[in-house]
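Remarks on the overall topology
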Amino acid sequence: MRQYRFIYLVLFVTALTPGRLAFANFDSGYNAYLSGDYGKALEIWTKAASPRKNPDLWSAYMAGVLHETGRGTERNIPAAKAFYTKVYINIWHADSIWI
């Protein structure tokens, strides 16, 4: 019975790890954003939002906001739309649709 507890613990920690790492990336981007380093925030959030599987949706949304407002980069509405679309698609679990 004790060996099963260890297996359940490993599975539980493994299940939590990707979300926690993505949230840590969001936090570091947010800290850069608050300090006025929009380019660094955009770089962090774009990297966190880039994986095809399990992207950080908050990072994708904020990268879209930065592209839309022109902070950290030139104003780029098509790039903002791509990030917003990624958020929308992943919220509705439509994994079969490519952005």
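Treat the numbers as computed from the prediction; the structure is a model and nothing was measured.

A separate point is the packing of helix H3 (residues 57–69) against helix H4 (residues 77–91). It is at 7 Å that the axes of H3 and H4 come closest, and there the two elements cross at 160°. When the axis of H3 is compared with that of H4, the two are roughly antiparallel. For the element pair H3 and H4, the recorded crossing hand is left-handed. Together, Leu57, Ala60, Tyr61, Ala63, Gly64, Val65, His67 and Glu68 of H3 and Ile77, Ala79, Ala80, Phe83, Tyr84, Lys86, Val87, Asn90 and Ile91 of H4 make up the contact between the two elements. Split into classes, the residues belonging to the contact of H3 with H4 amount to 12 nonpolar, 3 polar and 2 charged.

The subject of this paragraph is the confidence of the model for the protein chain. Across the protein chain, the average pLDDT comes to 77, with 69% of residues at 70 or higher. Element-level pLDDT for the protein chain is lowest in helix H1 (residues 2–34), with a mean of 60, against a maximum mean of 94 in helix H2 (residues 38–49). Taken as a whole, residues 3–17 scores under 50 in pLDDT and shows 0 contacts with residues more than four places along the chain or in a different chain.

With that settled, the discussion passes to the packing of aromatic side chains. Tallying each qualifying case throughout the model produces 5 aromatic pairs. On the numbers, 6.1 Å between centres and 10° between planes, the contact of Phe26 with Tyr30 is stacked. You can see Phe26 and its partner Tyr30 sitting in helix H1, 4 residues apart, about one turn around the helix. Taking relative accessible area as the criterion, Tyr30 reaches 36% and is therefore assigned partly exposed. A centroid spacing of 5.7 Å and a plane angle of 40° characterise the contact between Tyr61 and Tyr84, whose relative ring orientation is tilted. Residue Tyr61 is located in helix H3, and its partner Tyr84 is located in helix H4; the two are separated by 23 residues in the primary sequence. In this structure Tyr61 comes out as partly exposed when scored by relative accessible area, which is 38%. Taking relative accessible area as the criterion, Tyr84 reaches 26% and is therefore assigned partly exposed.

Definitions and limits used
- Residues numbered from 1 in each chain as written.
- Predicted model: local features only at pLDDT ≥ 70, side-chain atom pairs only at ≥ 80, totals over all residues.
- Heavy atoms only, no water.
- Axes fitted to C-alpha atoms, helices over the stretch in contact; angles between N-to-C directions.
- Helix = DSSP H or I, 4+ residues; strand = E, 2+ residues; numbered from the N terminus.
- Parallel < 35°, antiparallel > 145°, perpendicular 65-115°, else oblique.
- Left-handed = near helix turned anticlockwise from the far one by under 90°.
- Contact = heavy atoms within 4.5 Å.
- Nonpolar A, V, L, I, M, F, W, Y, C, P; charged D, E, K, R; others polar.
- pLDDT = per-residue confidence, 0-100.
- Phe/Tyr/Trp six-rings, centres within 6.5 Å; stacked < 30°, edge-to-face > 60°.
- Buried < 20%, exposed > 50% of the residue type's maximum accessible area, 1.4 Å probe, protein only.

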